[in-house]
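# Results of the structural survey
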Amino acid sequence: HWGRPDLRELIANSHPGLDAGHVLVTSGGSEANFAIVSALVNPGDHVVIEHPNYTSLYDVPRSLGCKTELFRLSYDDGFKPDLDALAKMITPETKLVSLTHPNNPTGSMITKRELEEIVDLIDRKKTMLMFDETYTELSWENRLPSAAGMSDRVVIISSMSKCFGIPGIRIGWLATTNRNLLDATLAIREQVSITNNTIGEEIAVRVLERKDEFLSRAREHVKRNFSIVDRWMAGQDIFEWVKPEAGVVSLPRIRADVNIDPEKLWRLLAEKY
């Protein structure tokens, strides 16, 4: 139920200070998110979630009856998190803080120093941090270290879906040094998927055994596509953006001085294109 031992060992190799015993392989990153939140919170508990973010990171705690408060990233601040504002949002009732960097969908990054400050804040506030590292391997430079081994109040999520481009195998994982949380998330997934599909695990092992080769190919592909989008953004005057620093997504917006009805734009994109 924990996942193939050799797969867990390969995953642990990317998380300094961890070994295979700190890794639970799940049916995609989504199951990891569900298991973690379900293990940590009860209805009415306070949860702080970075915004904007991957949708299920909001939806799971909301579906479990949590009081979700959004820690908003601002376009004007380059979508960088204000750690002083985050500290003020965390109360004695806060059971979980959920952050994602490289951020989806803004492409925002934080520094190693900021990550250390966040973990220190979590320790001081005696809450838990779920840090989504799904896009970490597609950091173009200044790659963040994994937060998984920094504190037993931290649990990370990642998967084979984004950086390796194989979401169809449904292989993700969570990693933490917190033994109680590992046992609790295992108990939850035993009521959901029970175990992973063997073909998916086999593919994941084969890919991670040649990890550098696959990631090198992916990074070159992403850089080519980014250059296309970057040139297009520079050649038009309707949208503006904060250039993403990592990952494969960004969050452009319509310029304030452009008279476009957003509803008509969305319908045109959805219905015609």
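The structure reproduced in this document is the subject of the present report.

## A look at the pairing of strand β1 (residues 23-26)
Across the two faces of β1 the burial is the same, with Val-23 and Val-25 and Leu-24 and Thr-26 all buried. By the bridge criterion, four bridges tie β1 to strand β7 (residues 172-175) in an arrangement that is antiparallel. Paired with Val-23 across the two strands is Ala-175, which belongs to β7.

## Section: the sheet that holds strand β2 (residues 46-51)
Read across the sheet, seven strands follow the order β1-β7-β6-β5-β4-β2-β3 without closing on themselves; strand pairing throughout is mixed. With partners counted over all chains shown, the strands left at the sheet margins are β1 and β3 (67-72), one partner each. Ignoring which end each strand starts from, the neighbouring axes of this sheet average 20 degrees apart. Two strands pair when backbone bridges link them, and β2 and strand β4 (residues 94-100) are joined in this way by four bridges, in the parallel orientation. By the bridge assignment, His-46 is partnered in β4 with Thr-94. Across the face of the sheet, helix α3 (residues 56-63) comes into contact with β2, β3, β4 and β5 (129-132) while running at roughly 165 degrees to β2. Its contacts with the sheet put helix α5 (residues 112-125) on β4, β5 and β6 (154-159), and the angle it makes with β5 is roughly 155 degrees.

Parameters and conventions
Residues numbered from 1 in each chain as written. Predicted model: local features only at pLDDT ≥ 70, side-chain atom pairs only at ≥ 80, totals over all residues. Heavy atoms only, no water. Buried < 20%, exposed > 50% of the residue type's maximum accessible area, 1.4 Å probe, protein only. Helix = DSSP H or I, 4+ residues; strand = E, 2+ residues; numbered from the N terminus. Pairing = 2+ DSSP bridges. Axes fitted to C-alpha atoms, helices over the stretch in contact; angles between N-to-C directions. Contact = heavy atoms within 4.5 Å.

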